[in-house]
Amino acid sequence: MAPEHLPTTDRIRAIDAWWRAANYLTVGQIYLLDDPLLEHPITPDDIKPRLLGHWGTSPALNLVYAHCNALITSTDRDMLYICGPGHGGPAMNANAWLEGTWQELYPGTTLQQFFKQFSFPGGFPSHAAPETPGSINEGGELGYSLAHAYGAALDNPDLVVTCVVGDGEAETGPLSASWQAHTFLDPVADGAVLPILNLNGWKIANPTVLARIPTEDLTAYFRGLGYDPIIVDSSRVDDDPFAVHALFDGALRRALASIDDIQAAARAQAARAAAGEMAGATDLRPRWPMIVLKTPKGWTGPKEVDGEKVEGTFRAHQVPLPAVREDDGHRAQLQAWMESYRPSELFTEDGTGTGLLEAIRPVGDKRMSATPHANGGRSRTALQRPDLAPYGVPAGEDASSTGTLGPWLAALMAQNPSTFRLFGPDETVSNKLDAVFDVTSRVWRAANSPDDEHIAPTGRVTEILSEHVLEGLLEGYVLSGRHGIINTYEAFAHIIDSMVGQHAKWLESSTDIDWRAPVSNLTILLSSHVWRQDHNGFSHQDPGFLDVVASKQQDLVRIKLPADANTLLAVTAHALETTNRIEVIVAGKHPEPVFLSLEDAVAHADAGMGVWDWAGTEQTVGHADVVLVSAGDVPTVETVAAADIIRTHAPEVGVRVVNVVDLLSLGDPRKHEHPVSDERYDELFLPGTPAVFAFHGYPSLVHQLTYRRHGHDDLHVHGFLERGTTTSPFDMLIRNEMDRFALAHDALTRVADGSDRFAELLGKLSEARDAARAYAYAKGEDHPSVGAWQFAGWPQDEPAEGGTGGDPGEGETESAAPGQ
């Protein structure tokens, strides 16, 4: 009998039975190695040697889960459960077992094995990890659950995401900012998020802030954030389970009814507007419901242990009975605790739930542990990607890389109106991606001003000044089956260092789980980068996010450093096609030379690195005396300019120019599949020949990647040396010894190998650096010979190695040094 047809008492009994069963399974995972149904008194041998896991938050998580199931079975709605409290893994596992999903995904697992595997060597983690059916939020690092929830709700109009937020988690900055995410939620085209604050009052050893403020202040706080808070306080009914079930059942049904009313009204208005019957929806910012659930921490567990209060205190956080193997009294308490759930009426002999639970057990994909929304690869469809050809820039012109990408992203949005979104912290225009506003707006569900631009109740661009929230929204969006990009200033990507690290761990674990289908890449576009933050100064100059990403499992991350606008188009299109990776792309927004045709750029990006014969003199001279290497747009300009200086002033020197787009292809092929082979590396870098490498980031990263490559001692890396300030673009390069004069000086010095062969030219190069700096300091801008430098020898006909060049031109560059 469906729950809506059950008498109220029978409905509550079914919910209570599910809750007791889930609590029993939670405790069993923490403690039991054997005898899962307590067929004899618990012995020391039945107990795990290491007691891991967390009990304190689990009863409330199980309570919410049971009640959600009752609503699913009575309303047939789609729900996704986000477990925010970091240590709620055993509760999520327990409910997946009761729903039967665990047994389907891990066939042959007995209840005894299910208990043993939890937090056990060779088993499953203690958090709601990728191994946990129905999870897209591990919660190992707190603060991201609500952002993940809102990301999953976007473009999912029939989905309700129940997000349980731990009250300790609620103290984090990312979670505090995430309460505002409903400002970007469209009740017509998006689903809904129901936040439930699990206010049990304690962290691991301290009280929580929100539990110690007056209820009226708590209510005012959430109303100020735009919610309609519903308080369920178990202490008002003396923590009696049946009374709490009744209270929470009413609160949850009231919340879902409110969500239904908000969506129905908005969708009716939208339908009338589409039919021309009215101007459109007027309720821009509906007051969405949320629930504050106040229950004791460790509810239904031991009330006291060794004379100290446990239930309702921080002592219930982890393992309330820590000495059950050694202490007879603790073991007796564990026996009584587990028997209090009356397992004989809840489980059959094989450990599955009895018919008592059937009334509220959803079926098929309606089970929250089996929903495809928590296994996004199942529902993911490939993007319709626009042809790149109309958006390419002819080689030899100057173009903004991100300004070139913007129109292509606009076409991508137009072709994928419900599966692609762009996220950024108020920098879509600043980062020159504003062409997207030709086809969409910033989504904004708050008050409007006549001075607003590109603001609308619906839109494919989300902007909020919190990288945490944006990255979390994108994670929730891709983990539930869609595609997107987050763009931000390079220096401030450090804000999401640990978030990206957590996602990398998620992907790494997911690759070993056959039922987890691959999801879209987490694509991060970094612009306004270190070399063109001269106007903002030192605070905005930091390329170290690349080091963070490179430290992760390199089969799951990519770092792309496109040299020009066409190459940015190529690497972005590729990032939005592949799966199960973190793609980091660094590209400038200011006009820079376009070195490669679009066709050559696509081939070069596909190769990852290659020789640019047209930029060097190796073919003319007949050999290479030095290899000039670049990775990054500004470093590439300086490298090509340095090669041009040598072409003009030391034409007898053979220069090979190598450009690296895919940074991690430099790595060790013995450790990872992605890096180029040693044979290919040697073909490009010519071990035994000095190589001067102009790198976008910190030089140590290149050395870290190449330390096992042949000829590593021949590699001399220039990069950011942590010498920043507010100055001119070229002076930034001079300060960090990555300007063209410094690169040419280093190259010629190494070719001279201790002789005075180029002494006069080396002196002129040093003078040129001094003159460039003096000019900038006197005039406030760079000398035109460096600030507006153009390369004359553009590629012509035949593509070079890797499809990235042709015969060099015959022209010469402007004067190599200011004032010459």
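Source: prediction; values computed, not measured.

### Points about the pairing of strand 15 (residues 557-560)
Both faces of strand 15 are covered, namely the face carrying Val557 and Ile559 and the face carrying Arg558 and Lys560. Bridge count between strand 15 and strand 16 (residues 582-586): four bridges; the pairing is parallel. Note that in strand 16 the partner of Lys560 across the bridge is Ile585. Considered for its hand, the β-α-β crossover made up of strand 15, helix 15 (residues 565-575) and strand 16 is right-handed.

### A closer look at the packing of aromatic side chains
Summed over the entire model, instances satisfying the criterion amount to 27 aromatic pairs. Seen in terms of ring centroids, Tyr24 and Phe347 are 5.5 Å apart; in terms of plane orientation they differ by 45 degrees. Their pairing is tilted. Of the two residues, Tyr24 is situated in helix 1 (residues 8-31) and Phe347 in the loop between helix 10 (328-339) and strand 8 (398-400); the sequence distance between them amounts to 323 residues. Note on Phe347: relative accessible area 6%, which makes it buried. When the centroid spacing of 5.0 Å and the interplanar angle of 65 degrees are considered together, the rings of Tyr221 and Phe222 count as edge-to-face. The class of Tyr221 is partly exposed, set by a relative accessible area of 32%. Residue classification places Phe222 among the buried residues on the basis of a relative accessible area of 0%.

### Considerations on the nonpolar core
Judged by nonpolar contacts, the single largest core of 169 residues is most densely connected at Tyr31, Phe222, Ile291, Leu334, Phe685, Phe693 and Phe695. Looking at this core, the element that brings in the most residues is helix 1, giving 13 residues. The contacts of Phe685, once residues within four sequence positions are left out, are Met609, Val627, Val629, Val658, Val660, Leu666 and Leu715. Among the nonpolar cores identified, the runner-up in size contains 48 residues, and Leu628, Phe741, Ala752 and Leu762 belong to it.

### Quick notes on unusual backbone geometry
Residue Ser528 is not a glycine yet carries a positive backbone phi of 45 degrees. When you line up the elements, Ser528 lands in the loop between strand 14 (522-527) and helix 14 (545-550). Relative accessible area serves as the criterion here: at 2%, Ser528 is assigned to the buried category. One non-glycine residue, Asp753, adopts positive backbone phi at about 55 degrees. Along the chain, the position of Asp753 falls in the loop between helix 22 (740-752) and helix 23 (759-779).

### Concerning the environment of Asn536
Mapped onto the elements, Asn536 comes out in the loop between strand 14 and helix 14. Classification of Asn536 by relative accessible area gives partly exposed; the value is 31%. In this structure the side chain of Asn536 is engaged in a polar contact, spanning 2.8 Å, whose partner is the side chain of Gln533.

### Some details on the confidence of the model for the chain
Per-residue confidence for the chain averages 93 on the pLDDT scale, and 95% of its residues sit at or above 70. Note on residues 795-820: pLDDT is under 50 here. Beyond four places in sequence and across chains, it has 66 contacts.

### As for the side chain of Lys294
By the secondary structure assignment, Lys294 is in strand 5 (residues 288-294). Nearest to the buried, unbridged Lys294 among oppositely charged side chains is Asp233, at 4.4 Å. In terms of polar contacts, Lys294 uses its side chain to reach the side chain of Thr215, at 3.2 Å.

Rules behind the numbers
Residues numbered from 1 in each chain as written. Predicted model: local features only at pLDDT ≥ 70, side-chain atom pairs only at ≥ 80, totals over all residues. Heavy atoms only, no water. Buried < 20%, exposed > 50% of the residue type's maximum accessible area, 1.4 Å probe, protein only. Helix = DSSP H or I, 4+ residues; strand = E, 2+ residues; numbered from the N terminus. Pairing = 2+ DSSP bridges. Right-handed = clockwise from strand over helix to strand, strands pointing away. Phe/Tyr/Trp six-rings, centres within 6.5 Å; stacked < 30°, edge-to-face > 60°. Core = buried A, V, L, I, M, F, W, Y, C linked by side-chain atoms within 4.5 Å. Contact = heavy atoms within 4.5 Å. Polar contact = N/O pair within 3.5 Å; in protein donor to acceptor, adjacent residues only side chain to side chain. pLDDT = per-residue confidence, 0-100. Lys, Arg positive; Asp, Glu negative; His and termini not counted. Salt bridge = Lys/Arg side-chain N within 4 Å of Asp/Glu carboxyl O.

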